[in-house]
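What follows is the residue order along each chain.
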Amino acid sequence: MKPTHIEHIGIAVKSLDEAISFYEKVLGLTCYAVEEVKDQKVKTAFFKIGDVKIELLESTDPEGPIGKFIEKKGEGIHHLAFAVNGLSDTLKEVEAFGVKLIDSTPRKGAEGLNIGFLHPKSTFGVLTELCEDPNK
Ligand code: ZN
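A. Representation of the overall build of the chain within the structure. Scanning the chain from terminus to terminus reveals three helices and eight strands. Taken from N to C terminus, the helices and strands of the chain fall in the order β-α-β-β-β-α-β-α-β-β-β. The C-alpha radius of gyration computed for the chain amounts to 15 Å, which stays within 12% of the reference 14 Å derived for 136 residues, consistent with globular compactness. Projected onto its principal axes, the C-alpha coordinates of the chain cover approximately 45 × 35 × 25 Å. Looking at the chain residue by residue over its 136 residues, the buried ones come to 42%. Contacts spanning at least 24 positions in sequence make up 52% of the contacts within the chain whose residues lie at least 6 apart. With an accessible surface of roughly 7800 Å², the chain has 54% of that area assigned to carbon and sulfur atoms. The centroid of the 17 positive side-chain charges in the chain is displaced by 3 Å from the centroid of its 22 negative side-chain charges.

B. Representation of helix α3 (residues 87-96) within the structure. Among all positions of α3, only Leu87, Thr90, Leu91 and Val94 are buried. Around the axis of α3, the buried residues are gathered within 100° of arc, so they sit on the same side. The exposed set on the far side of α3, more than 90 degrees from its buried face, consists of Asp89, Lys92 and Ala96. Each element contacted by the buried residues of α3 is listed here: β7 (114-118) and β8 (128-132). Positive backbone phi, at 90°, marks Gly98, one or two positions downstream of α3.

C. Molecular detail of the coordination of the zinc ion. Every protein donor of the zinc ion is accounted for by His8 (NE2), Glu55 (OE), His79 (NE2) and Glu129 (OE), and the metal-donor separations fall at 2.0 to 2.4 Å. Around the zinc ion, the four donor atoms are arranged such that angles at the metal cover 83 to 173°; this shape is classified as irregular. Positions of the donor residues of the zinc ion along the chain correspond to the pattern H-x46-E-x23-H-x49-E. Here Glu55 is found in strand β4 (residues 52-59), whereas its partner Glu129 is found in strand β8, with 74 residues between them in sequence. No difference in accessibility class separates Glu55 from Glu129, as the two residues are buried.

What counts and how
- Residues numbered from 1 in each chain as written.
- Predicted model: local features only at pLDDT ≥ 70, side-chain atom pairs only at ≥ 80, totals over all residues.
- Heavy atoms only, no water.
- Helix = DSSP H or I, 4+ residues; strand = E, 2+ residues; numbered from the N terminus.
- Rg over C-alpha atoms; globule rule 2.2 N^0.38 Å.
- Buried < 20%, exposed > 50% of the residue type's maximum accessible area, 1.4 Å probe, protein only.
- Contact = heavy atoms within 4.5 Å.
- Areas by Shrake-Rupley, 256 points an atom, 1.4 Å probe, with all protein chains shown as cover.
- Lys, Arg positive; Asp, Glu negative; His and termini not counted.
- Charge placed at Lys NZ, Arg CZ, Asp CG, Glu CD.
- Arc of directions from axis to C-beta.
- Donors = N, O, S within 2.8 Å, 3.2 Å for Na, K, Ca; no water.
- Tetrahedral: all angles 85-135°; square planar, octahedral: opposite > 155°, others 65-115°.

If you want it as structure tokens, here you go:
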């Protein structure tokens, strides 16, 4: 696998409104998109700094992945996303190394990206997302 860059850093927050206000007023970044990803049970807000995005994640359901994460670990860094070309093949390649996958085939994520997650048990505790822009 040859990731091209860090696509984004995902951060779990309890309140998107409060977190957006911090990122805008204190850090001086601009939220350029808010999007609900229904099958992930989250609302997301995006910021860009250089080539890297920050994705804030607020749960819309306590039983969803972000709801459970916050209950167990509290707010904080949730995942790291690498941009790759050829996501489907990359997931197979990674699996061949014996890495446990959460998604063995790509699915739709926020911002129209195709995404796939690797299991944190196989990635030294960091939930790792691979993503591909289908329009590139
Ligand atoms: Zn993400």
